[in-house]
Amino acid sequence: MTKKIVVTGGAGYIGSHVCVELINAGCEILIIDDFSNTHPEAVNRIREIAPGNISLLQCDLANAAQAEEIIEGVKAFGADGAIHLAGLKAVGESVAEPARYYTVSAMLTLVRALEAANARTLVFSSSATVYGELNDNPVKEDGKTGPENPYGRTKLFIEEILKDLSRGNENWRIVNLRYFNPVGAHPSGRIGEDPNGVPNNLFPFIAQVAVGRRDKLMVFGDDYTTRDGTGVRDYIHVSDLARGHVAALDYLSAQKTGGATDINLGTGTGYSVLEAISAFKRASNRDIPYEIAPRRDGDVAEIYANAELAKTLLGWRAEKTIEDMCADHWRWQSDNPDGYES
Ligand code: UFG
């Protein structure tokens, strides 16, 4: 097992859950986060849930002036590898302000830091959004790529850069994890998703309606060719997803040769928007008023994962149900109605 792991974006929604699972697996971690889209309180909560050896470097990987500090910090930490989660993630924003999204230099600073530490092991947080529209479900890793927006393209471009790295130097061991739709929260209710402003994604929006912060949900389209006309997605509990990162590091440390592998992290089951609303209603015992609205630009009708490769290579599979996802998401939302500011 790789022991000293750098987690960029470690204070974020997925990052905080990854940190907890790494500590539980016996790792020491160095969180690199600039808190531009995250909250320092998340780091306190990680320490509370999973006491262990947690260091913090408050830096922006995309800021060239901070690159040397990051490289020195990773070297001094004695890193064995890294999980790269830092980055912006709002699809609409990426369309409006693409230049903020094409910060490939952030990735390259991390690469330089890992080279300086002689630790060429990297797990990258990619996304199912790299897949094009034309694949049959469940989608396999060799499905056609073709992201619809700058956010998705940055994920695909970085996957490609990492493949080039592994071709150039056989010591690079890389996994690109293609996440489906992470939802839920740690069962303690202490860490969870804390979106800035109006949530873009379904679950945080439903949760804010349930807790009374918003009046109603807009369901984007009920005329898709799906079982109830609403969009179908593969929702995965964020703690299951986080365990997938630990499994990916274990896998990489057991590899005799380098390489870069794309692996889906999903459950293999799709739920519609209306099914997600019903499940959340049951879990929260709250009403979730909603209204049917026009389709959202860029949405596909249905996408869910073929999750077999993760089983075969990583020995990992998602264990939590949609009921777990809703119950844990609701516990986080109701215990922290205003997120980390509560
Ligand atoms: N939806 C609504 N109303 C909302 C929000 C979403 O009906 O207010 C619907 C969408 O139309 C879609 C489903 O709920 O059918 C899921 O939408 P999300 O926005 O939660 O997630 P996406 O599948 O659109 O995926 C996006 C990004 C991914 C990213 C994912 C989770 O494209 O890269 O969000 O952050 F991984």
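Every chain is numbered independently, its residues counted from 1 as its sequence is written. Confidence filtering applies because this is a predicted model: local features only for residues at pLDDT of at least 70, side-chain atom pairs given and counted only at 80 or more, and all residues used for totals across whole chains, interfaces and linings. Computation of side-chain values: all heavy atoms of the structure, hydrogens and water removed.

**Q** It is not clear to me how the sheet that holds strand β9 (residues 232-233) should be interpreted in this structure. Could you clarify?
**A** Strands in a sheet are paired, the pairing made by backbone hydrogen bonds, and the direction either parallel or antiparallel. DSSP calls a pair of strands paired once it identifies at least 2 bridges connecting them. Secondary structure is summarised from DSSP: a helix means a run of H or I of at least four residues, a strand means a run of E of at least two, and numbering begins at the N terminus for each. One open sheet accounts for three strands, arranged β12-β9-β14; its pairing is mixed. Of all the strands in the sheet, the pair left with one neighbour each is β12 (271-272) and β14 (302-303). As paired elements, β9 and β14 share two bridges and run parallel to each other. Across the sheet, Arg233 pairs through a bridge with Ile303, a residue of β14.

**Q** Whenever I open this one, the site of the ligand confuses me. Can you help?
**A** Only heavy atoms are used to decide nearness, and a residue is near a molecule or strand if one of them lies within 4 Å of it. Lining the immediate environment of the ligand, one finds 19 residues, of which Leu202, Met218, Arg233, Arg296 and Asp299 sit closest. Contact between the ligand and Asn201: an oxygen atom at 2.9 Å from a side-chain N or O atom of the residue. One nitrogen or oxygen atom from the side chain of Arg233 is found 2.7 Å from an oxygen atom belonging to the ligand. It is strand β8 (residues 217-220) that contributes the most residues to the shell around the ligand, four residues altogether. Two N or O atoms count as a polar contact when they lie within 3.5 Å, although within protein this holds only if one can serve as hydrogen donor and the other as acceptor, and sequence-adjacent residues are included solely when both atoms are side-chain atoms.

**Q** Just checking my understanding: could you explain the packing of helix α1 (residues 13-24) against helix α9 (residues 238-254) for this structure?
**A** Any two packed helices are characterised by the angle at which their axes cross and by the distance between the axes. Orientation is described by axes fitted as lines to C-alpha atoms, over the contacting stretch for helices, and by angles from 0 to 180 degrees between their N-to-C directions. It is at 8 Å that the axes of α1 and α9 come closest, and there the two elements cross at 60°. Judged on the interaxial angle alone, α9 and α1 are oblique. The hand of the α1/α9 crossing is right-handed. Where α1 abuts α9, its residues Tyr13, Ile14, His17, Val18, Glu21 and Leu22 lie against Val238, Ser239, Leu241, Ala242, Arg243, His245, Val246 and Leu249. Ten residue types, Ala, Val, Leu, Ile, Met, Phe, Trp, Tyr, Cys and Pro, are classed as nonpolar, four, Asp, Glu, Lys and Arg, as charged, and the remainder, Gly among them, as polar. Along the lines of polarity and charge, the residues of the contact of α1 with α9 split into nine nonpolar, three polar and two charged. Angles below 35 degrees are treated as roughly parallel, those above 145 as roughly antiparallel, those between 65 and 115 as roughly perpendicular, and all remaining angles as oblique. What makes a crossing left-handed is the near helix being turned counterclockwise from the far one by less than a right angle; a clockwise turn instead makes it right-handed. Working rule for contacts: check all heavy atoms of both residues, and any pair within 4.5 Å makes them a contact.

**Q** Whenever I open this one, the sheet that holds strand β11 (residues 259-265) confuses me. Can you help?
**A** Ordered by their spatial adjacency, seven strands build an open sheet running β3-β2-β1-β4-β5-β6-β11, and the pairing between neighbours is parallel. The open sheet is flanked by β3 (54-57) and β11, the only strands paired with a single partner. This sheet shows a mean twist of 20° between the axes of neighbouring strands, independent of strand direction. The sheet strands contacting α1 are β1 (4-8), β2 (28-32), β3, β4 (81-84) and β6 (173-179), and the helix crosses β1 at an angle near 170°.

**Q** I keep staring at the packing of aromatic side chains and nothing clicks. Help me out?
**A** How two aromatic rings sit relative to each other is set out by the distance from centre to centre and by the angle between their planes. Aromatic contacts are taken between Phe, Tyr and Trp rings whose centres are within 6.5 Å, Trp giving its six-membered ring; a plane angle under 30 degrees counts as stacked, one over 60 as edge-to-face, and the others as tilted. Throughout the structure, instances matching the rule amount to six aromatic pairs. Among the aromatic residues, those joined into a cluster by ring pairs are Phe203, Tyr235, Phe280 and Trp330. Placement of a charge over a ring requires the Lys NZ or Arg CZ to be within 6 Å of the ring centre, with the centre-to-atom vector within 35 degrees of the ring normal. Sitting above the plane of the Phe205 ring, Arg214 keeps its charged end 5.8 Å from the centroid.

**Q** It is not clear to me how the nonpolar core should be interpreted in this structure. Could you clarify?
**A** Proteins that are soluble and globular tend to have nonpolar side chains buried together. One finds Leu22 and Ile29 to be the most contacted residues of the largest nonpolar core, which totals 45 residues. Breaking this core down by element, the ones donating at least two residues are β1, α1, β2, α2 (40-49), β6, α9, β11 and α11 (308-314). Per element, the largest residue contribution to this core is nine residues, and it comes from α9. The contact partners of Leu22, leaving out residues within four places of it in the chain, are Ile5, Val7, Cys27, Ile29, Ile83, Val246 and Leu249. Residues Val6, Met107, Ala113 and Phe124 belong to the second largest nonpolar core, which totals 27 residues. Each nonpolar core is a collection of buried residues, namely Ala, Val, Leu, Ile, Met, Phe, Trp, Tyr and Cys, held together in the definition by side-chain atoms within 4.5 Å. Relative accessible area decides the class of each residue, using a 1.4 Å probe on protein chains only: under 20% of the type maximum gives buried, over 50% gives exposed, and in between gives partly exposed.

**Q** Would you take a moment to explain the pattern of salt bridges for this structure?
**A** Opposite charge on two side chains makes pairing possible when the charged atoms of those side chains draw close. In what follows, salt bridge is the name for a side-chain nitrogen of Lys or Arg lying within 4 Å of a carboxyl oxygen of Asp or Glu. On inspection of all chains with the given rule, the structure shows 24 salt bridges. The salt bridge involving Glu48 is made with Arg190; its shortest N-O contact spans 2.6 Å. Here Glu48 is found in helix α2, whereas its partner Arg190 is found in the loop between β7 (181-183) and α8 (202-210), with 142 residues between them in sequence. With a relative accessible area of 42%, Glu48 lands in the partly exposed category.

**Q** Just to check I follow, could you spell out the pairing of β3 for this structure?
**A** Both faces of the sheet carry side chains from a regular strand, because those side chains alternate between them. The pairing of β2 with β3 spans four bridges and is parallel. The residue of β3 that forms the bridge with Leu30 is Ser55. A crossover connection joins β2 to the parallel β3 through α2; in handedness this β-α-β unit is right-handed. Orient the strands so they point away from the viewer, and a crossover whose first-strand-to-second-strand path over the helix runs clockwise is right-handed.

**Q** Can you help me understand the side chain of Ser239 in this one?
**A** If you trace the backbone, Ser239 turns up in helix α9. Non-local contacts of Ser239, meaning those with residues more than four positions away in its chain, are made with His17, Glu21, Ala185, His186, Pro187 and Lys320.

**Q** Is there a simple way to think about α9 in this case?
**A** In an α-helix, one full turn covers 3.6 residues, which means residues spaced three or four apart are oriented alike. Here α9 is 17 residues long and its end C-alpha atoms lie 25 Å apart, about the 24 Å a rise of 1.5 Å per residue gives. Burial of α9 is extensive: 13 of the 17 residues sit out of reach of the surface. Expected helix span is given by 1.5 Å per residue-to-residue step, counting one fewer step than there are residues.

**Q** When you look at unusual backbone geometry in this model, what are you seeing that I'm missing?
**A** Most peptide bonds adopt trans geometry, and most residues besides glycine take a negative phi value. Going from Asn137 to Pro138, the amide bond is cis rather than trans, its omega being -5°. Note that Pro138 resides in the loop between β5 (121-127) and α7 (150-168). Of note, the phi angle at Asn118 is positive, near 55°, even though the residue is not glycine. Relative to the helices and strands, Asn118 is located in the loop between α6 (104-116) and β5. On the basis of relative accessibility, which here comes to 62%, the residue Asn118 falls in the exposed class.

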